[in-house]
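The residues making up each chain are set out below.
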Amino acid sequence: MSKISRRGFLFGGAAATGALVSASAGAAVGASLGAEAATEAANKANLTAVLKRRERFFGQHQNGIETELQTFTNFVAFDLKPETDAAAAARWFKLITDDIARLSVGEAPLADPTPQLAMGPARFTATLAVGPGFFDKLGLADKKPTGFEQLPAFNVDQLREEYSYGDVLLHISADDPIILSHGVRSLVRDSVGFAKVRYSQQGFSNAQGVVPGGVRQRNLMGQVDGTDNPEIGSSDFNNIVWVENGPDWLIGGTFLVFRRIAMQLGTWDALGRTDKELVIGRNLQNGAPLGKQNENDPIDFDAVDANGLKLIPEFAHIRRAHATNPTERIFRRPFNYEVGVTPDGEPDVGLLWTAYQRDISTQFLPIQKRLDQLDLLNKWTVPIGSAVWAVLPGVEQSANGDYLGKKLFQ
Ligand code: HEM
C-alpha cells in the first residue's frame, strides 16, 4: 500500500468512526472503554514484584530522600521563564503535585499521550526543590532562607554551567528505566510552559536485589559507597536532615547539595589495590574500615601498624570527611553516572553526589573545606557540576487543596 493511499485509508477510518459514534449514541464506545479499563485493572493485578513496589507520596516529608536507592535517576533542573510570576509558579507546582501523586501509584497523569507507559509504580519518586534564583526572580526575597546561595568556589572545582545551578529541581527516580523516562517526560511536559529545562543528569545504582537495601551501592571506582550514613527511619536521620526551625514553608523540608563529580578512571585503574584502599581508608572488597573485618565495624582512626604508621592515613578520604563534631554530619545518597567513552577510551563517569542536611553552612561546608585542603581522592575526582536546593516539605493527603510549596505562595 502506498503512503498516500494509506493516509486516505486512515482518514476514511477516522471519519467512519465519527459517524458510528454519533449514530449509536456512544454505546459501542462506552462498552469498549469499559473493557479497556477491565483489562488495565487485570494487568495491574499481575504486576511483577519490581513493578509493584511503591513509595508513599503523601506525608510530612517529600519522598526520594529517606528512601532506599532506586536503580535509575534523573536530576532535571529548570530556569524560570521571564514571564512566570509567583501566581504562575503556584499553578505549576499544583499541576506537578497531582502528576507526582498519580505517577507514584503507577497511574498515568491527566491528559497523558502515552498512558501505556504507566506500567506500575516501580518505586517511582519525584522530589521538588527550589534554588536561590527562584526567590529573586519571583519577588519572594522575604521568603528566602538566610544565607541560601550557591556554594563558594573550591580549589578542586572545575564547574561547568551546563551541569550547575538552576531555579527549580525535579529529582526523579524509579527502579525501571522506562517508567523513569515516562515520569520525566510527563513532568517536563507540564513544566515547559513555566520554565526551560536547564539540564537533565541521569544516573544509576545497582539493580534491585544486588546489594542489601539502604543507600549503599558500588561506585565506579569499585568502592562500597554510602556506608557511614544516618540510618533511614532513625531519629538520628531526622536530626541531621529535616528542617525543624526556619521559614514555615520549609519546616519538614531539607537542603540538598548536589555535585556532579567526574572520576578519572584511567589513572585510578593504574593503582594497586592496597593504594586504592589507603586513599579511602576502607577495604575495597567489603567496605570494612582498614584494620577491621566488616563494613559496619566502627572506624578506629588511631590504629597503627607494626611500624607505628596509621592504618588509615592522614590523607585518607574517610579521615578527612569524618565529622569533627556531632552536628557536622550529612546524609549522602550517591548515584553513578556514565555518558559514554571518550575516543581514547576514557569512560566519562562519576557520581551524581548528594548531601541532605538541615543547614549547609554547618554540615556540608566544613567537610568540603577540609576535603578541599587535603584528600588524596581529589587526584582522581573533579567536581564539574554544583547546585544547592531547598527541598520543599511534603503534602498531607487530608489537607484540602494542599500542594507542594503552597505556603511559599501565601
Ligand atoms: C567522587 C567523589 C567521591 C567518592 C568516590 C567518595 C567515596 C566515598 C567512599 C567510598 C566512602 C566510604 C564509604 C562510606 O561511608 O560511604 C566515603 C565516605 C564519606 N564521604 Fe565520600 N566520596 C566522594 C565525595 C565526597 C564529598 C564531596 C564529600 C563531602 C563534601 C564526601 C563526604 C563523605 C563522608 C562524610 C563520608 C563518611 C566519612 C565517615 O566515615 O565518617 N565524599 N566517600
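None of these values were measured; they are calculated from a predicted model.

## Here's the deal with the packing of aromatic side chains
Link 1 in the chain: This model, assessed by the stated rule, comprises 17 aromatic pairs.
Link 2 in the chain: Pairing F135 with F148 gives two aromatic rings, centres 6.2 Å apart and planes at 85°, and the pair type is edge-to-face. Of the two residues, F135 sits in helix α5 (residues 132–137) while F148 sits in the loop between α5 and β3 (168–174), which places them 13 residues apart along the sequence.
Link 3 in the chain: Residues F237 and F331 carry aromatic rings whose centres are separated by 4.6 Å and whose planes lie at 65° to one another, so their mutual orientation is edge-to-face. Of the two residues, F237 is situated in helix α7 (residues 235–241) and F331 in strand β8 (residues 331–332); the sequence distance between them amounts to 94 residues.
Link 4 in the chain: With relative accessibility at 0%, the residue F237 sits in the buried group.
Link 5 in the chain: Residue classification places F331 among the buried residues on the basis of a relative accessible area of 0%.
Link 6 in the chain: Three or more aromatic residues link up through ring pairs in this structure, and these residues are F78, W92, F93, F134, F135, F148, F194, W249, F255 and F409.
Link 7 in the chain: Taking the ring centre of Y163 as reference, the NZ or CZ of R260 above it sits at 4.1 Å.
Link 8 in the chain: Taking NZ or CZ as reference, R260 lies 3.8 Å from the ring centre of Y337, over its face.

## Comments concerning the pattern of salt bridges
Link 1 in the chain: Taken as a whole and judged by the stated rule, the model has 19 salt bridges.
Link 2 in the chain: A salt bridge links K144 to E149, with the nearest nitrogen and oxygen atoms 3.0 Å apart.
Link 3 in the chain: Among the residues examined, K144 registers a relative accessible area of 17% and is labelled buried.
Link 4 in the chain: Using a relative accessible area of 46% as the deciding quantity, one classes E149 as partly exposed.

## Focus: the site of the ligand
Link 1 in the chain: As a matter of local geometry, the ligand sits amid 26 residues, with G226, T227, D228, H317 and H322 nearest to it.
Link 2 in the chain: At 2.9 Å from a nitrogen atom of the ligand is found a side-chain nitrogen or oxygen belonging to H317.
Link 3 in the chain: In this structure, an oxygen atom belonging to the ligand sits 2.5 Å away from a side-chain N or O atom of H322.
Link 4 in the chain: Looking at the shell around the ligand, the element that brings in the most residues is helix α11 (residues 364–373), giving 4 residues.
Link 5 in the chain: The residue makeup of the shell around the ligand, split by class, is 14 nonpolar, 8 polar and 4 charged.

## Some thoughts on the coordination of the iron atom of the ligand
Link 1 in the chain: For the iron atom of the ligand, the protein contributes exactly one donor atom, H317 (NE2), at 2.1 Å.
Link 2 in the chain: If you trace the backbone, H317 turns up in helix α10 (residues 317–321).

## Observations regarding helix α4 (residues 86–104)
Link 1 in the chain: Between its first and last C-alpha atoms α4 spans 26 Å; for 19 residues at 1.5 Å apiece the expected length is 27 Å, and the two agree.
Link 2 in the chain: Along α4, the residues that are buried comprise A88, A89, A90, W92, F93, I96, T97, D99, I100, A101, L103 and S104.
Link 3 in the chain: In the stretch just after α4, G106 is the one whose phi turns positive, near 85°.

## Some remarks on the environment of F255
Link 1 in the chain: Here F255 shows up in strand β7 (residues 254–263).
Link 2 in the chain: Spatially, the C-alpha atoms of F255 and G131 are 9.9 Å apart, while their sequence positions differ by 124 residues.
Link 3 in the chain: Excluding its chain neighbours within four sequence positions, the residues that come into contact with F255 are P145, F148, V243, L250, A355, Y356, Q357, R358, D359, I360, W389 and A390.

## Section: the packing of α4 against helix α6 (residues 177–189)
Helix-helix packing is characterised by the crossing angle of the two axes and by the distance between the axes.
Link 1 in the chain: Relative to each other, α4 and α6 sit at 165°, their axes nearing to 10 Å. The orientation of α4 with respect to α6, classified from their angle, is roughly antiparallel. Pair α4 / α6 crosses with right-handed handedness. Where α4 abuts α6, its residues I96, D99, I100 and L103 lie against H182, G183, S186 and L187.
Link 2 in the chain: In terms of residue class, the contact of α4 with α6 is made up of 4 nonpolar, 3 polar and 1 charged.

Reading the values: rules and limits
- Residues numbered from 1 in each chain as written.
- Predicted model: local features only at pLDDT ≥ 70, side-chain atom pairs only at ≥ 80, totals over all residues.
- Heavy atoms only, no water.
- Phe/Tyr/Trp six-rings, centres within 6.5 Å; stacked < 30°, edge-to-face > 60°.
- Helix = DSSP H or I, 4+ residues; strand = E, 2+ residues; numbered from the N terminus.
- Buried < 20%, exposed > 50% of the residue type's maximum accessible area, 1.4 Å probe, protein only.
- Lys NZ or Arg CZ within 6 Å of the ring centre and 35° of its normal.
- Salt bridge = Lys/Arg side-chain N within 4 Å of Asp/Glu carboxyl O.
- Near = heavy atom within 4 Å.
- Polar contact = N/O pair within 3.5 Å; in protein donor to acceptor, adjacent residues only side chain to side chain.
- Nonpolar A, V, L, I, M, F, W, Y, C, P; charged D, E, K, R; others polar.
- Donors = N, O, S within 2.8 Å, 3.2 Å for Na, K, Ca; no water.
- Expected span 1.5 Å × (residues − 1).
- Contact = heavy atoms within 4.5 Å.
- Axes fitted to C-alpha atoms, helices over the stretch in contact; angles between N-to-C directions.
- Parallel < 35°, antiparallel > 145°, perpendicular 65-115°, else oblique.
- Left-handed = near helix turned anticlockwise from the far one by under 90°.

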